[in-house]
Amino acid sequence: DAGITQSPRHKVTETGTPVTLRCHQTENHRYMYWYRQDPGHGLRLIHYSYGVKDTDKGEVSDGYSVSRSKTEDFLLTLESATSSQTSVYFCAISAGTDQETQYFGPGTRLLVL
Amino acid sequence: KQEVTQIPAALSVPEGENLVLNCSFTDSAIYNLQWFRQDPGKGLTSLLLIQSSQREQTSGRLNASLDKSSGRSTLYIAASQPGDSATYLCAVYAGTALIFGKGTTLSVSS
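Quick look at the structure, then. (Residues numbered from 1 in each chain as written. Chains lettered and ligands numbered in written order. Predicted model: local features only at pLDDT ≥ 70, side-chain atom pairs only at ≥ 80, totals over all residues. Heavy atoms only, no water.)

1. Quick notes on the layout of surface pockets
Any empty space left between atoms is shown by rolling a water-sized probe over those atoms. Its volume calculated, the largest pocket comes out at about 530 Å³. Forming the walls of the largest pocket are 22 residues, and the residues nearest its centre are E59 of chain A together with K1, Q2, E3 and I99 of chain B. Secondary structure elements with two or more residues in the lining of the largest pocket: β5 (42–51) of chain A together with β1 (4–7) and β10 (98–100) of chain B. Its residues assigned to classes, the lining of the largest pocket shows nine nonpolar, seven polar and six charged. When its volume is computed, the second largest pocket comes out at roughly 300 Å³. (1 Å grid on protein atoms, 1.4 Å probe; cavity = no way out; pocket = protein on both sides within 12 Å on 5 of 7 lines; lining within 4 Å. Points joined across faces, edges and corners; volume = space filled by probe spheres on them. Helix = DSSP H or I, 4+ residues; strand = E, 2+ residues; numbered from the N terminus. Nonpolar A, V, L, I, M, F, W, Y, C, P; charged D, E, K, R; others polar.)

2. A short note on a nonpolar patch on the surface
There is a patch of nonpolar side chains on the surface, built from V12, L111 and L113 of chain A and spanning about 290 Å² of accessible area. Note that L111 of chain A resides in strand β11 (residues 108–112). (Patch = residues over 30% accessible without salt bridge, like charges linked within 9 Å, V, L, I, M, F, W, Y side chains within 5 Å. Areas by Shrake-Rupley, 256 points an atom, 1.4 Å probe, with all protein chains shown as cover. Salt bridge = Lys/Arg side-chain N within 4 Å of Asp/Glu carboxyl O.)

3. Let's talk about the environment of A81 of chain A
Residue and element names in this part refer to chain A. By the element assignment, A81 lies in the loop between β8 (73–78) and β9 (87–95). Judged by relative accessible area, which is 0%, A81 ranks as buried. Distance in space between the C-alpha atoms of A81 and P18 is 6.0 Å, their sequence separation being 63 residues. Apart from the residues within four sequence positions on either side, A81 is in contact with T13, E14, T15, G16, T17, V19 and V112. (Buried < 20%, exposed > 50% of the residue type's maximum accessible area, 1.4 Å probe, protein only. Contact = heavy atoms within 4.5 Å.)

4. Examining the nonpolar core
With 22 residues, the main nonpolar core has L33, W35, L75 and I77 of chain B as its most contacted residues. For this core, the elements supplying multiple residues, two or more each, are β3 (19–25), β4 (32–38), β5 (44–51), β7 (62–67), β8 (72–77), β9 (86–93) and β11 (104–109) of chain B. Every residue in contact with I77 of chain B, bar those within four places of it in the chain, is listed here: E17, N18, L19, L21, R61, L62, D84, Y88 and L106 of chain B. Counting residues in each nonpolar core, the second largest holds 20 residues, with C23, V66, L78 and I93 of chain A among its members. (Core = buried A, V, L, I, M, F, W, Y, C linked by side-chain atoms within 4.5 Å.)

What follows is the structure, encoded as structure tokens:
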């Protein structure tokens with residue numbers, strides 16, 4: 001949907017290692033988001049971006065950083081991965097006449113051992 | 001703090017039945033409400049978006065309603081099919097990003 005790809009799609013890493021997840025979109029959408037999905041918690045916002053180099057924190061931003069140097073790419077970095085960051089990570093964009101409909105990427109499954 | 005609740009958490013119905021999924025939210029100051037479908041191990045597919053000024057939206061066999069004053073939305077699925085089996089998520093948008101409910105997992109048996 002809406003030309004969103006995420007990479008990698010699956011990753012296994014060890015506690016304490018840095019991890020970067022990439023979200024790529026092809027349609028010049030201004031707003032991009034990172035969510036995580038966990039059983040019992042549903043989807044929660046980590047960080048979002050409203051333009052190149054413009055980002056802000058969401059509900060569960062501790063332990064995560066983001067960067068957006070180009071319109072098409074939004075990177076999520078776990079500086080030092082912990083087991084509590086084992087999750088499925090979804091990228092999303094806002095589109096439509098008033099940027100109100102959100103479309104999601106296929107997700108990245110991250111396992112931190 | 002906005003909270004979104006979906007009841008029931010799971011629902012099983014025979015094929016052909018009409019059904020209603022419920023979503024409630026605690027703060028009526030929303031811009032819109034969006035319904036999604038999620039298949040196991042997959043991403044989210046947007047089904048319907050209702051603006052805060054609208055009462056309902058329809059797409060094929062799906063009809064979503066919104067009563068902002070009471071903090072409720074329903075997703076009506078007509079003539080259910082086994083292919084409708086999935087988790088349905090409701091989310092409200094209040095200016096920053098979506099706030100999600102935990103979903104209703106629907107199973108339609110043939």
